[in-house]
Amino acid sequence: MLSKKGAKYFFLIGTLFFGMIFVGLTYDTLKQVPKLTRAENLTPQVIHGKNLFDKNNCMGCHTLLGEGAYYAPELTKVYETKGPDWIKAMLVDPEQVYPGARKMVKYNMSPEDQEAMVAFLKWVSEIDTNGYPAKPVNQ
Ligand code: HEC
């Protein structure tokens, strides 16, 4: 059995060792973020789209990169799966796209804001999420 002193050193060295591994891995992850997110593509239009996404509380119903609410579909890859015209149609009149379905707010977004929203969702869809979200089995 370890002596009291031995246990103390075991704790201190173990904590320090694994703490350093944790800090190292965190640093490595943060270093990769600009590349994985393609940060160079963050144009003013994309940023405007992100602000619209926040201001209109899209996350109150949707998830993006897994964050948000579970009332409405995940939007991380919606640019790839549904395309820009579908997204714009949803931002003008969702009832036209999904008649009689669950309700999305009718935003009546201006053409400029629609483009910004599409640009933002395109940028999100290009993030290397390491396979997230998994593709639905029957699509
Ligand atoms: C009040 C809840 C709510 C809010 C807020 C909301 N949505 Fe939706 N959204 C929905 C629902 C519900 C659907 C799916 C309709 C259905 O399947 O019946 C949807 C569908 C969509 C779709 C189509 C997804 C697909 O796979 O067909 C897009 C794109 C979309 N929303 C974008 C947005 C954006 C961008 C915002 C913010 C500007 C937003 N939504 C805010 C409820 C919401």
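Look above for the structure.
Small disclaimer: the values here were computed from a predicted structure and weren't measured.

Right, let's talk about the coordination of the iron atom of the ligand for a bit. At the metal site, the iron atom of the ligand is ligated by His62 (NE2) and Met104 (SD), and these contacts range over 1.9 to 2.1 Å. Relative to the metal, the six donor atoms surrounding the iron atom of the ligand lie at angles of 87 to 178 degrees, and the coordination shape comes out octahedral. Taken together, the residues span a long stretch of sequence, with histidine 62 in the loop between helix 2 (44–55) and strand 1 (63–64) and methionine 104 in the loop between helix 5 (94–97) and helix 6 (111–125) at a distance of 42 residues. In this structure methionine 104 comes out as partly exposed when scored by relative accessible area, which is 25%.

A few words on the environment of alanine 119. For alanine 119, the location among the structural elements is in helix 6. Along the chain, alanine 119 and histidine 48 lie 71 residues apart, while their C-alpha atoms are 9.0 Å from each other. Contacts of alanine 119, omitting those with residues within four sequence positions, involve Gln45 and Val46.

The contact between helix 2 and helix 6 brings their axes to 7 Å, and the two run at 100 degrees. One way to sum up the angle between helix 2 and helix 6 is to call them roughly perpendicular. Along the contact surface, helix 2 presents Gln45, Val46, His48, Gly49, Lys50, Leu52 and Phe53, while helix 6 presents Asp113, Glu115, Ala116, Met117, Ala119, Phe120 and Trp123. For the contact of helix 2 with helix 6, the residue count by class is eight nonpolar, three polar and three charged.

Cut-offs used in this document
Residues numbered from 1 in each chain as written. Predicted model: local features only at pLDDT ≥ 70, side-chain atom pairs only at ≥ 80, totals over all residues. Heavy atoms only, no water. Donors = N, O, S within 2.8 Å, 3.2 Å for Na, K, Ca; no water. Tetrahedral: all angles 85-135°; square planar, octahedral: opposite > 155°, others 65-115°. Helix = DSSP H or I, 4+ residues; strand = E, 2+ residues; numbered from the N terminus. Buried < 20%, exposed > 50% of the residue type's maximum accessible area, 1.4 Å probe, protein only. Contact = heavy atoms within 4.5 Å. Axes fitted to C-alpha atoms, helices over the stretch in contact; angles between N-to-C directions. Parallel < 35°, antiparallel > 145°, perpendicular 65-115°, else oblique. Nonpolar A, V, L, I, M, F, W, Y, C, P; charged D, E, K, R; others polar.

On their own, these measurements won't tell you what the molecule is for.
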